[in-house]
Amino acid sequence: MPLTLVTLPCLSDNYTYLVHDDASGETAVFDVPEAEPILAELKRRGWTLSHIFLTHHHDDHIQGTGALLAEAPATVIGARADAHRLPPLDTQVGEGDAIAFGGETVEVLEVPGHTTGHLAYHLPRSGILVTMDSLMHLGCGRLFEGTPAMMHASLHKMAALPPQTVVCSGHEYAETNIRFARAIDPDNPDLISRQREIAAARSAGRPTVPTTLAQELATNPFLRCHTPQVQAQVNMAGADPVDVFAEVRKRRDGFR
Ligand code: ZN
Ligand code: FE
């Protein structure tokens, strides 16, 4: 039986995701920007929380964990490498570990770049990948701790999963990201249609996430640093894609 995936806006522009398995009754949440919207959604749907998966230590992804646990006790899972700066973990994980969840397995990928300890969670049977601030919709997380080479490798590790995989990222940045993507990859026809969809979603107050890997591979400039189009736009024809990635990331840092 397939899982139910719920996208939940939190704080000003964060997203968290609830995943529910009907057969076992288990419910997981991925990151806890704040407890209130998660508790309200659990109550509304009559679901009982069983697992909290944390992707990285930034406050806007973990700060509601204590308040959530006070109302909805659950197993907390996060990176072994970052245990010292995450809420208390019941289960510490790293690359290649797998956690049983309902009839699924949640596989752990280490995806350093935004932070050195950032994890992604892959549910292969359901085709769900929780990326948060690593691979993002039309973007990627800012490099606060890792190097361009680290993030580039992390992005391509995730991009190698099946193209129909659903990508659950951590923030509503689509409107800025699409303007940047169009500046970096101006002739990409998929970006033109995507821009209309994003404008429609946002004016209706709908999230622009989740997306799919196929969609990101076609439109995300950070996954397209090997293409002649992106390389030409940053005057780096034939350059190492990691160097192109570093340049594109630098330009995005200064883009408003
Ligand atoms: Zn972050
Ligand atoms: Fe974040």
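Whatever comes next refers back to the structure up there.
Residues numbered from 1 in each chain as written. Chains lettered and ligands numbered in written order. Predicted model: local features only at pLDDT ≥ 70, side-chain atom pairs only at ≥ 80, totals over all residues. Heavy atoms only, no water.

1. Re the packing of aromatic side chains
- Inspection of every chain in the model, using the stated rule, returns six aromatic pairs.
- Arranged with centres 5.8 Å apart and planes meeting at 55 degrees, the rings of F30 and Y121 form a pair that is tilted. One end of the pair, F30, is in strand β3 (residues 27-30); the other, Y121, is in strand β9 (residues 119-123), with 91 residues separating them in the sequence.
- Look at F30 and you get buried, because its relative accessible area is 1%.
- Judged by relative accessible area, Y121 falls into the buried class, the value being 0%.
- With centroids separated by 5.8 Å and ring planes inclined at 70 degrees, the aromatic side chains of F222 and F245 adopt a geometry described as edge-to-face. Here F222 is found in the loop between α7 (213-219) and α8 (228-233), whereas its partner F245 is found in helix α9 (residues 241-253), with 23 residues between them in sequence.
- Owing to a relative accessible area of 1%, F222 belongs among the buried residues under this scheme.
- An aromatic cluster is present here, built from F180, F222, F245 and F255 joined pairwise through their rings.
- Geometry around F180 places R252 over its ring, the cationic atom sitting 5.9 Å from the centre. (Phe/Tyr/Trp six-rings, centres within 6.5 Å; stacked < 30°, edge-to-face > 60°. Helix = DSSP H or I, 4+ residues; strand = E, 2+ residues; numbered from the N terminus. Buried < 20%, exposed > 50% of the residue type's maximum accessible area, 1.4 Å probe, protein only. Lys NZ or Arg CZ within 6 Å of the ring centre and 35° of its normal.)

2. Focus: the coordination of the iron ion (ligand 2)
- The protein atoms that coordinate the iron ion (ligand 2) are D60 (OD), H61 (NE2), D133 (OD) and H171 (NE2), at distances of 2.0 to 2.6 Å.
- Coordination at the iron ion (ligand 2) comes from four donor atoms whose angles at the metal span 84 to 167 degrees, giving a geometry best classed as irregular.
- Motif for the iron ion (ligand 2), donor spacing along one chain: D-H-x71-D-x37-H. (Donors = N, O, S within 2.8 Å, 3.2 Å for Na, K, Ca; no water. Tetrahedral: all angles 85-135°; square planar, octahedral: opposite > 155°, others 65-115°.)

Read these as spatial facts, not as claims about activity.
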